[in-house]
Amino acid sequence: MNATDEYGSTLAGASILVIDDEPGMRNFLMKILGPRVKRVEQAASAAEATQRLDEAHFDLVILDNIMPRTTGLDWVTEQRRKGFFADTILITAYADLETAIAALRAGVSDFVLKPFRANQILGAVARTLDRKFLRRDNTLLRHALNAGDAHGPLLGKSRPMAELRAMLARLAPLATPVLFTGATGTGKELAARHLHALSSRAEGPFVAVNCAALTPDRIAADLFGVIEDGGRLKPGLIPLADGGTLFLDEVAQMPDQLQAALLRVLEDRRVRPVGAEREMPFDLRFCFATNADLNAAVAEGRFRADLYHRINVVRIDMPPLADRSEDIVELAALFMTQSSVSLGLPALDLDEETLLKLRRYAWPGNVRELKNLVERSVILGGFPEEFAGSGQVTGSRAIEDLELVVQRHILHVLDLSNGNRAEAARRLGVSRKTIDRRMAAWGD
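What you see is a predicted model, and the numbers here were worked out from it, not measured in a lab.

Rules of the game
Residues numbered from 1 in each chain as written. Predicted model: local features only at pLDDT ≥ 70, side-chain atom pairs only at ≥ 80, totals over all residues. Heavy atoms only, no water. Pairing = 2+ DSSP bridges. Helix = DSSP H or I, 4+ residues; strand = E, 2+ residues; numbered from the N terminus. Axes fitted to C-alpha atoms, helices over the stretch in contact; angles between N-to-C directions. Contact = heavy atoms within 4.5 Å. Expected span 1.5 Å × (residues − 1). Buried < 20%, exposed > 50% of the residue type's maximum accessible area, 1.4 Å probe, protein only. Lys, Arg positive; Asp, Glu negative; His and termini not counted. Salt bridge = Lys/Arg side-chain N within 4 Å of Asp/Glu carboxyl O. Polar contact = N/O pair within 3.5 Å; in protein donor to acceptor, adjacent residues only side chain to side chain. Core = buried A, V, L, I, M, F, W, Y, C linked by side-chain atoms within 4.5 Å.

K.L.:
Teacher, can you tell me more about the sheet that holds strand β15 (residues 285-290) here?
P.N.:
Where strands meet in a sheet, backbone hydrogen bonds hold them as pairs that are either parallel or antiparallel. Taken together, 5 strands build an open sheet; the order of strands is β9-β12-β15-β8-β16 and the sheet is parallel. For this open sheet the edge positions go to β9 (206-210) and β16 (314-317), each flanked by a neighbour on one side alone. Averaged over all adjacent pairs, the angle separating strand axes in this sheet is 20°, with direction ignored. The pairing of strand β12 (residues 245-249) with β15 spans 4 bridges and is classified as parallel. Opposite Thr245, over in β15, you have Arg285 as the bridge partner. Contacts from helix α7 (residues 159-171) reach β8 (178-181), β15 and β16 within the one sheet, and its direction differs from that of β16 by about 160°. Where helix α8 (residues 188-198) meets the sheet, it contacts β8, β9, β12 and β15, and its direction lies at approximately 150° from that of β8.

Here it is in structure tokens:
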């Protein structure tokens, strides 16, 4: 197994800065790292390195300790006061106890002694990045668990869902901000996750933030990060999402303070952690969501017009479940399986009568209401009376049988037509006699 195979998956998405006053060492490190990482840059001095940090974000810095006019450790200590966001590997020919203690105090992640071979520095880089990304993933996992993020596939074969998928596929290669609108429970976050999964950022983080849950006194620290006691950076959600997608939900309830801060972030593509001197550049895609009328909020002065125009570049209106009713049966079957597995309880039978009742219900709470109904029914061991059925056909046959599919569709269109068979026939593109014949066969 060669070095590229061994370290490729860990290093592939990393950005690294090499700092060394010796051209030979810089060239050696650039040669072995260049083919393996996303981006690698070099600096021949501490001053040049400082400039590089002001211009771009790096996941890792490989730093020589002995340089003209300063040491690497003194430079790291100074940069942490300004706002230093990268992990550090120190390369040195002198590994005495005093240097080791100073390195620990400066927050250095690893030591590599000169002279070293390519596999030694690659191993140190891989270990350091593994720890860095593990810390990031643990932080984001805790955030996701606390926030109750939505997960799952974007299901549905209806025309509105086919159109939605086509639009998401068209937007996936772009970095354009997307505003998802629609009623509560229509799956705005799931659509944003689907967009993220289709994009070149799919291997990066997807971070969902509920704007209504952010408290004014914690907004800057939670989103941008904060320099804590001891000079260590506690990264915010925006830096943690770097390279991925940030999904801001319920933007209409965004506090005024956050609206102003977010506008600047969108314009500058930089954040400044609380207590830091340096702004941090980032690379991520923004997605926004709301169930409110943002035009009305702007007119009433509750939402900044300049921010609205920034986020409303591409708008996607999520279809309510009533407009994609042919997806109800598929969704109900999925939620039944998920609820049974997650709760450790037996799944309920979805017979033809229950499926017909589910299909004919209006679902004002959309997909979320359907999911909650199924989960609650599994817990209670049966469907509520208005959805309970005593049919004999269950399982895949109840879902896929053509005659039952046709029955559910015709009765749903009749409901939409307020029972007017002539109007239902017109909508379906069939004759009135066809409707009458079908209804007679079903005993209606």
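K.L.:
Help me understand the sheet that holds strand β2 (residues 39-43), please; the structure alone is not making it clear to me.
P.N.:
Strand order in the open sheet made by the 5 strands is β2-β1-β3-β6-β7, with parallel pairing throughout. Of all the strands in the sheet, the pair left with one neighbour each is β2 and β7 (110-113). Within this sheet the neighbouring strands show an average axis-to-axis angle of 20°, counted without direction. Summarising the sheet, strand β1 (residues 15-19) and strand β3 (residues 60-64) pair through 4 bridges and their orientation is parallel.

K.L.:
Before we go on, may I ask you to explain helix α11 (residues 256-268) in this structure?
P.N.:
Quick reminder: α-helices carry 3.6 residues per turn. Residues three or four places apart thus point the same way. The end-to-end C-alpha separation of α11 is 19 Å, in line with the 18 Å expected for 13 residues at 1.5 Å each. Each element contacted by the buried residues of α11 is listed here: α9 (219-224), α10 (237-240), β12, β13 (270-271), β15 and α13 (305-311). Positive phi appears at Arg269, one or two residues downstream of α11, with a value of about 55°.

K.L.:
Explanation requested: the side chain of Asp351 in the structure shown.
P.N.:
Inspection of the secondary structure assignment puts Asp351 in the loop between α14 (328-343) and α15 (352-360). Here Asp351 is buried and forms no salt bridge, its nearest opposite-charge partner Lys357 lying at an N-O distance of 7.6 Å. Within the structure, Asp351 has its side chain in polar contact with the backbone nitrogen of Glu353 (distance 2.9 Å).

K.L.:
Would you mind showing me how to read the nonpolar core here?
P.N.:
Here is a general trend for soluble globular proteins: nonpolar side chains tend to be buried in one another's company. Grouped together as the largest cluster of nonpolar side chains are 36 residues, with contacts concentrated most on Leu223, Ile238, Leu246, Leu248, Phe286, Phe288 and Ile311. Mapped onto this core, the elements with two or more residues apiece are β9, α9, α10, β12, α11, β15, α12 (294-299) and α13. In terms of residue count, α11 provides more of this core than any other element does, 5 residues in total. The contacts of Leu248, once residues within four sequence positions are left out, are Val209, Cys211, Leu262, Phe286, Cys287, Phe288 and Ala289. In terms of nonpolar packing, the next biggest core, distinct from the first, is built from 23 residues, Ile89, Leu122, Val125 and Phe133 among them.

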